[in-house]
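Now for the letters of each chain:
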Amino acid sequence: MKVRSNYKKIGVILFFVANFSFAQSNQIIDEIIVSASFTPIDRSETGNSVTIIDGDLIRDRGVINISQILRDVPGFAVSQSGGYGAQTQIRARGAEANHLLVLIDGVEANDPSQNDEFVWGTVSIADIERIEVIRGPQSAISGSDALAGKVNIITQSGKKNGAQIYSQVGSWNTHNSGFNFSRKDEGFHFRAGFSRMDSDGDNISRDGNEDDGYQNTTMNIKSGYIVNPQVNVLVTARKSDGRVDYDSDDNFDGLVEDQSKSSDFDNLTAKIKTIYVPADGPWSHNFTIAESRFDNAAYADGIRGNITASEKSQLQYLGSYIADSQSFSILIEKEKEDWMQRGDIAYGIYDPNQNRTRENDGFALEYRYEPLNILTLGFSGRYEDNSEFGSSTSYRSEFIYKRSDAMRIRGVIGKAIKNPTFTERFGFYTNFLGNPSLIPEESVSTELGLDYTFAENLIDMTFTVFDSDLENEINGFVYDPATFAYTSANMSGRSNRQGIEVSVSGEISNVLSINSSYTFVKSDQQDGETITREIRRPEQMASLGLYWVLSDAINISMNAQFVGSQFDTFYPPFPQNPENVKLADHTLVDIAINYKMSNKMSLLFKIDNLLNDNYEEVFGYKTLGIGASVGLRYQM
């Protein structure tokens, strides 16, 4: 125990001396990004804080859960209730989990039947080409769910003819295997992938020995066809289904116990996009039809119980004018959400068996202008008319000042909104009652950043300070002693989130690269005159990543993550008096070794949680200890 404690202290000292954390974003200051604007732009042309995660680096690290890699993103706090596939929430810059919009190939993938959160356990890392993370207010570009940022998971396209198979096996009887096939001809590309993940898991409750396993089957298709020089058609579809075992608190003592319970999921995201670029003009026209569907069912002792389902349909027209020093875009959007749930009536006070629908019409504009070679300005605004909440507006203004070839200063100010969820308004199949009188949350955020490139353009450093004020925050744990039930309510005060992010990444030498950052975030919640620290938001997070090319055949990656102490809520047998409990800080160290056996075959050896740190990210839920895996990948 004393040895492990010393390791942790040494790790913390190294982290805070370096002010580093590992965010996979090597040499990308001029990389094209598609998520920060209505049109693709250079990363150096946006005022937003951006992290790019390369899919090849994900696979080199042997990551299985996507949340493992997102823990390295500056400002991201991850709370996972157990092992692989377990319920996971990611909070960007101290915001709520449903304030972060997640897209798969540009299709909105947050589940309306799960409180508008993205269910991270449903996504596989298979066939990911890259992940774009944009932090800060994004409602002007992407609407309600993007109050604090967005994550766009971009899958691979067919860039050449070939196929690949892979398999990875490890601790807890974990198997992760799959294959993909791609073809590319003149004017046509196609890629299809299949993956299967199985794990027996471990016991996630503090007591007992019943393991909580996980299964995920994912299929992915992406294709494009150039009809003629002016018309291009793109089609993407991703389907995942599986099962997650979980435990719950059935004796109402505030702690989960071993239970034979599981939840099934069956999700689909799909999109058809047509791009028309006239031969004789600067305009381009995009027409998009997108669909996302979610089905969830809970089981206890093998018996099917509560179910939820939702569907989101989107129609979009995007027209863009691009000239030498300016661009202008107009978006017209129509969205429809359907929501359904079925479950037992809790305590005879609430019938959760409902079907609900809401529609949203959106109109947005963006204007980007470069009055000088050293100055870029951007302005965007959105107007929405929602069938349930009426009209709303959001905006974003940004600037980028290039002080020199090595330095740029950037800033953003924006207003973003988050509409109340179906669950918050109409309840859940427990003792949670809905509140149909809720109004949208509103946030005004500012950030100021400095980016600097030094050491002969090999090292990039970014420094960002941010501040956000949230009004009408929805508290989803308002207790009613008369009915022994909970409900939601808009809070009367203003909640504040502020902090700093520092990152450093690049090549230290020809064989050694570093990717790193440090985050401090202070998130306070105000209700009337009472100000409290928000739960599950550590004030300090840091990590350090090293990538070492030992030879042409061998590379080694090491990643260490430090998460500072944080608070969670404990609900004792008398829930009207919940208690705040402190979760201790923890440090996770992973190491992966890749050996290229030939031009077609490579071998992976991976160790997770090398120090076997015992920690909780959600009170009462154990996490996985030290584990190892071996993988093989063959390119045909």
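Everything here concerns the structure above.
What comes next concerns the included structure.

This paragraph deals with the overall build of the protein chain. Secondary structure summary: the protein chain contains 5 helices and 36 strands in total. If you line up the protein chain on its principal axes, its C-alpha atoms span 70 × 55 × 45 Å. Pairs at least 24 apart in sequence give 62% of the contacts found in the protein chain among residues at least 6 apart. In the form shown here, the protein chain has an accessible surface area of approximately 26,600 Å², with 56% of it arising from carbon and sulfur atoms. With 57 positive and 86 negative side-chain charges, the protein chain shows a separation of 4 Å between the mean positions of the two kinds.

Ranked by size, the top nonpolar core spans 29 residues in total, and within it Ile66, Leu70 and Phe76 carry the most contacts. Of all elements in the fold, only α3 (66–70), β4 (76–80), β5 (88–92), β6 (100–104), β8 (128–135) and β9 (149–155) reach the threshold of two or more residues within this core. When sequence neighbours within four positions are dropped, the list of residues in contact with Leu70 reads Ile53, Phe76, Ile90, Trp120 and Val133. If you look at the next biggest cluster of nonpolar residues, it comprises 8 residues, including Met197, Tyr214, Phe265 and Leu624.

Summarising the element assignment, Ile556 is placed in strand β31 (residues 554–563). When its relative accessible area of 18% is taken as the criterion, Ile556 is described as buried. Taking the C-alpha atoms as reference points, Ile556 and Ala592, separated by 36 residues in sequence, lie 5.8 Å from one another. Setting aside chain neighbours within four positions, we find Ile556 in contact with Leu546, Tyr547, Trp548, Ile591, Ala592 and Ile593.

Taken together, the 12 bridges between strand β27 (residues 494–507) and strand β28 (residues 512–527) define a ladder with antiparallel strand orientation. What sits directly across from Ser503, in β28, is Ser517. In sequence, β27 turns back onto β28 through a hairpin of 4 residues. Looking at chain direction, β28 and strand β30 (residues 540–549) are connected through 9 bridges and run antiparallel. Within β30, the residue paired with Leu512 across the bridge is Trp548. Of the strand pairs in this sheet, β28 and strand β29 (residues 530–533) are connected by 4 bridges, and their pairing is antiparallel. In the sheet register, Gln525 faces β29, and the bridge partner there is Thr532.

Overall, the coordinates contain 47 salt bridges when judged by the stated rule. We note a salt bridge from Arg358 to Asp116, for which the minimum N-O separation is 3.7 Å. Separated by 242 residues along the polypeptide, Arg358 in strand β19 (residues 354–372) and Asp116 in the loop between β7 (107–108) and β8 bring together distant segments of the chain. Residue Glu447 pairs with Arg410 through a salt bridge whose shortest N-O separation is 3.3 Å. With Glu447 in strand β23 (residues 441–454) and Arg410 in strand β22 (residues 407–418), this pair connects stretches of sequence that are 37 residues apart. On the accessibility criterion, Glu447 (6% relative accessible area) is buried.

With that settled, the discussion passes to a nonpolar patch on the surface. On the surface, Val169, Ile593, Tyr595, Met597, Leu603, Phe605, Val630 and Leu632 cluster together into a nonpolar patch covering about 620 Å² of accessible area. At the level of secondary structure, the elements contributing two or more residues to the nonpolar patch comprise β34 (586–596), β35 (601–608) and β36 (627–635). For Leu632, the location among the structural elements is in strand β36. Exposure remark for Leu632: the relative accessible area of 38% places this residue in the partly exposed category.

On to the pairing of strand β17 (residues 303–322), then. Pairing geometry for strand β16 (residues 283–300) and β17, over 17 bridges, is antiparallel. Pairing of Phe287 across the sheet is with Tyr317, part of β17. Pairing analysis gives 16 bridges linking β17 to strand β18 (residues 326–342), with the strands arranged antiparallel. If you follow Lys312 over to β18, its bridge partner there is Glu337. Connecting β17 to the next strand, β18, in antiparallel fashion are 3 residues.

Let us now look at the side chain of Thr569. Examined against the element boundaries, Thr569 turns out to sit in strand β32 (residues 566–570). Judged by its relative accessible area of 19%, Thr569 falls in the buried class. In contact with Thr569, not counting residues within four places along its chain, are Ile535, Pro578, Glu579 and Asn580.

Within the open sheet, the 5 strands sit side by side as β3-β8-β9-β6-β7. Their pairing is mixed. Each of the sheet's edge strands pairs with one partner strand only, and the pair in question is β3 (49–54) and β7. Examined bridge by bridge, β6 and β9 share 5 bridges and lie parallel to one another. Within the sheet, the bridge partner assigned to Leu100 lies in β9 and is Gly149.

On to the packing of aromatic side chains. Scanning the entire structure with this criterion turns up 11 aromatic pairs. Between Tyr84 and Trp172, the aromatic rings sit 6.3 Å apart at their centres with planes inclined by 80 degrees, giving edge-to-face as the arrangement. Taken together, the residues span a long stretch of sequence, with Tyr84 in the loop between β4 and β5 and Trp172 in the loop between β10 (162–170) and β11 (174–185) at a distance of 88 residues. Each member of the pair Tyr84 and Trp172 is classed as buried. Seen from their ring centres, Phe287 and Tyr317 are 5.3 Å apart, and the 45 degrees between their planes marks the pair as tilted. Here Phe287 is found in strand β16, whereas its partner Tyr317 is found in strand β17, with 30 residues between them in sequence. On the basis of relative accessible area, Phe287 is assigned to the partly exposed category, the value being 41%. In this structure Tyr317 comes out as partly exposed when scored by relative accessible area, which is 23%. The aromatic ring of Phe426 is capped on one face by Arg356, whose charged end is 4.0 Å from the ring centroid.

A separate point is the environment of Ala485. With respect to the secondary-structure elements, Ala485 resides in strand β26 (residues 485–490). Residue classification places Ala485 among the buried residues on the basis of a relative accessible area of 0%.

Residue Asn173 is not a glycine yet carries a positive backbone phi of 55 degrees. Mapped onto the elements of the fold, Asn173 is located in the loop between β10 and β11. Despite not being glycine, Asp301 shows a phi value in the positive range, around 55 degrees. The exposure class assigned to Asp301 is exposed, which follows from its relative accessible area of 61%.

Let's shift gears to the environment of Asp185. Position of Asp185 among the secondary structure elements: in strand β11. Here Asp185 falls in the partly exposed class, since its relative accessible area comes to 34%.

Rules used in this analysis
- Residues numbered from 1 in each chain as written.
- Predicted model: local features only at pLDDT ≥ 70, side-chain atom pairs only at ≥ 80, totals over all residues.
- Heavy atoms only, no water.
- Helix = DSSP H or I, 4+ residues; strand = E, 2+ residues; numbered from the N terminus.
- Contact = heavy atoms within 4.5 Å.
- Areas by Shrake-Rupley, 256 points an atom, 1.4 Å probe, with all protein chains shown as cover.
- Lys, Arg positive; Asp, Glu negative; His and termini not counted.
- Charge placed at Lys NZ, Arg CZ, Asp CG, Glu CD.
- Core = buried A, V, L, I, M, F, W, Y, C linked by side-chain atoms within 4.5 Å.
- Buried < 20%, exposed > 50% of the residue type's maximum accessible area, 1.4 Å probe, protein only.
- Pairing = 2+ DSSP bridges.
- Salt bridge = Lys/Arg side-chain N within 4 Å of Asp/Glu carboxyl O.
- Patch = residues over 30% accessible without salt bridge, like charges linked within 9 Å, V, L, I, M, F, W, Y side chains within 5 Å.
- Phe/Tyr/Trp six-rings, centres within 6.5 Å; stacked < 30°, edge-to-face > 60°.
- Lys NZ or Arg CZ within 6 Å of the ring centre and 35° of its normal.

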